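# Tertiary structure, described
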Amino acid sequence: MRKSGGGNLGRLLFGVIVLCCFCFVDVVARSPRGHALPRQDAVEIKMVKGGVVLDNKLVQVTFSRPGGDVIGIRYGGIDNLLETNNEEGNRGYWDVVWNKPGEAKNTQYKLQGTRFKVITARPDQVEISFTTKYNANLHGAVSVPVNVDKRYIMQRGRSGFYTYAIFERLEGWPGGDMETLRVAYKLKQANFRYMALSDTRQRFMPTAEDRARGRPLAFKEAVLLSKEASSPEFVGEVDDKYQYSAEDKDIKVHGWISMAPPVGFWMITPSDESRIAGPFKQDLTSHVGPTSMTVFSCSHYVGKEVGLNFQEGEAWKKVFGPVFVHLNSAAPSSHSSSMISTLWNNAKDQMLEEVKSWPYNFISSQDYPSSNQRGSVSGQLLVHDRYVKGLHRANSAYVGLAAPGEVGSWQRESKGYQYWTQTDEKGYFNIENVRPGHYSLYASVPGIVGDYKYEFDITIEPGSKIELASITYKPPRIGPTLWEIGIPDRSAAEFYIPDPYPTLMNKLYKGSDLDKFRQYGLWSRYYELYPHNDLIYNVGVNNYSDDWFYAQVTRSVGNGRYVGTTWQIQFELDNVVNPGNYTLQLALASATYAELQVRINHLNAERPLFSTGLIGDDNAIARHGIHGLYWFWSINVPSILLREGSNTIYLTQSRGGTSPFQGVMYDYIRLEGPSEKP
């Protein structure tokens, strides 16, 4: 682990900084694992007009002072990796989107610091702080009611820098909604043209000018690139930043590559503890700009109900990050693929090192506990479905700690910290490096419907090692399965996803079945497949992977108006237990301004058997997601509504309006017979 040093030396060196404007000492460095490294240059800090510079002779970073924006990054033969055509405050920054109570407009605030301070100044490490404090007495001033401490750390021998931020609200402050919280960097477009998000999601990208010359499509962030694009390969292609989103559990490293000189810029997020809404929350990564960011809180794919929403007078404090901005370089080569591979593989290796080193032991803030101040929880998760013989080990289940709440509440939780891991093939799990606090233990098991919550809350204290006995999830189940549609995995990925329009394609995903859902305009394929009548699914005849459209969307009726749709599930019952109660287990993977109504055998029944009411604003359909927030209901179906022979369940999404993006995505549907006595 990387170790921090004493504060007295830091205060002494701070005095040297004030007198001499810089400090520079050369001693032997240590690797994160304690092995001696070759002699390396110490970290230098230098005050310049309106700014401060950190330099370890590998990378030089310039910050505005006291604002705390990153305005320059010198590395690898490039004077500034950031876009110098942008204003200094629009290059590297922390920002939020804040709305006062009742406001509909989203307002971005860059959180400019008003006070600069050197926290640590040692030969091996410098940590600096830029703070801004809310002043309730400044009537009429544009201000977010939160104190912010933005921190940056540079270490000797490390090609990059760390950043984190401490947000705090005090009692009595005004309420409001912090819809977005992120740290973002906008790179020099002349250099950075190749984007990498994963082993399979990387390519040369269009420019911001290409997008500006393109034609906006139905969803405002989507643009059809024109014949004036910077390269013929982009002509007629769709670009949309949401096509490059990913689930938070998969966003560990992403970034951009410059070919001349061969330099990489990477955002590494080693832990999701300060992100909101659990491991399946989707967020932006990198996109045309070129821009790279780490998003900690955002309403995308979940809706505004999941953001950082504060009541009047509510106190709160949370540390976001740290994240590591990693820079690397490669030897020039005539083969671009060789340089790309070298830089990408190095970035992945660095990510693994950062993950292994988490939690960092070199952070100076008392609000960030080191490893020996944290605890762990371990155990084994089993699944018992009384209609499936025996206990089953929850293989590859996601098990996590989040704020105490109801079953499934973790996916709407944003103000606390969350810790998630996956079980092994035998259902064993170990959640490590958990901050002290009070938590509930939750789980989501692939292939099993519903959510699990452990019956007791868990308190973590420094050094805690809590070992639970085997715990058992009894998923929702009333009676035997009569039929089922889909796979219970919180996603619509198993359903029919149509081929994209050849004229509206993003070539990054051409030929990819795994990422086909990220293509633009797939919702419109529904009108072509079902031009006159809505979807009818015949149990025992149809196959959900071919015959169940991935989203139940609205239907265009012209003049910019859209109406709801009704899908049918037709099935046979050889006999009906009467009297008796059947059960429809219904799980949705997404909902956007939708109301799903369920009727049995009577489409025109005035009142549905069940209605969700108006739910959801995750907008996953428009943002090329295959899921948003998860919804689940067990619906009682009295046997009097069923009949021997042919039956039909009508699923009506009743809401319409002016948007083609209203609707739902299904996760799983199961009809169960009446309960059988054990």
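What comes next is a walk through the structure. Each residue is numbered by its place in its chain's sequence as written, counting from 1. In keeping with the predicted nature of the model, local features appear solely for residues at pLDDT of at least 70, side-chain atom pairs appear and are counted solely at 80 or more, and the whole-chain, interface and lining totals rest on all residues. Side-chain measures were taken over the full set of non-hydrogen atoms in the model, leaving aside hydrogen atoms and water.

This brings us to empty space enclosed by the protein. Only protein atoms enter the 1 Å grid used here, on which a cavity is any set of points holding a 1.4 Å probe that cannot leave and a pocket is any open set flanked by protein within 12 Å on both sides along at least five of seven lines; residues with an atom within 4 Å of a point are listed as lining. Grid points are joined across faces, edges and corners, and a volume is the space filled by probe spheres set on the points. Counting across every chain of the model gives 2 cavities of 30 Å³ or more. In this structure, the largest cavity encloses a volume near 40 Å³. Contributing to the lining of the largest cavity are Q189, F192, R193, M205, P206, T207, A208, W256, V288, G289 and P290. We call Asp, Glu, Lys and Arg charged. Ala, Val, Leu, Ile, Met, Phe, Trp, Tyr, Cys and Pro are nonpolar, and the rest, Gly among them, are polar. Among the residues forming the lining of the largest cavity, the class breakdown is 7 nonpolar, 3 polar and 1 charged. Looking at the second largest cavity, its volume works out to about 30 Å³. Together, S444, V445, I448, V449, G450, P488, D489, R490, Y630 and D667 line the second largest cavity.

The pairing test for Phe, Tyr and Trp rings, Trp by its six-membered ring, is centres within 6.5 Å, and the orientation test on the planes gives stacked under 30 degrees, edge-to-face over 60, and tilted for anything in between. One pass over the full model with this rule turns up 47 aromatic pairs. Centroid distance Y134 to W173: 4.9 Å. Interplanar angle 65°. Geometry classified as edge-to-face. In this pair, Y134 is assigned in the loop between β9 (125-132) and β10 (147-155) and W173 in the loop between β11 (160-169) and β12 (176-186), connecting sequence segments 39 residues apart. Each member of the pair Y134 and W173 is classed as buried. Through a chain of ring-to-ring contacts, the aromatic side chains of F495, Y496, Y526, Y530, Y537, Y544, W548, F549, Y550, W567 and Y666 assemble into a single cluster. Across the ring face of W631, the terminal group of R412 is positioned such that the distance to the ring centre comes to 4.7 Å. Remark: a charge is flagged as sitting over a ring if the NZ atom of Lys or the CZ atom of Arg is within 6 Å of the ring centre and within 35 degrees of the ring normal. If you follow R525 out to its NZ or CZ, it ends over the ring of Y501, 3.9 Å from the centre. A run of H or I in DSSP becomes a helix once it reaches four residues, and a run of E becomes a strand once it reaches two; helices and strands are each numbered from the N terminus. Exposed residues in this analysis have more than 50% of their type's maximum accessible area, buried residues have under 20%, and partly exposed residues fall in between, with area computed by a 1.4 Å probe over protein chains only.

Glancing now at the environment of L197. Locating L197 in the fold gives a position in the loop between β13 (192-196) and β14 (202-204). The buried category is assigned to L197, whose relative accessible area is 9%. Each C-alpha atom of the pair L197 and S611 lies 40 Å from the other, and the pair is 414 residues apart in sequence. A contact between two residues is defined here by any heavy atoms of the two lying within 4.5 Å. In contact with L197, not counting residues within four places along its chain, are Q202, Y244, V253, H254, T285, S286 and W344.

Should DSSP find at least two bridges between two strands, the strands are regarded as paired. If you trace the 3 strands from one edge of the open sheet to the other, you get β15-β16-β17, paired in antiparallel fashion. Each having just a single partner strand, β15 (215-216) and β17 (238-239) make up the two edges of the open sheet. The pairing of strand β16 (residues 223-224) with β17 spans 2 bridges and is classified as antiparallel. Across the sheet, residue L224 finds its bridge partner in β17, namely V238.

As far as function goes, none of this settles anything; it's purely spatial.
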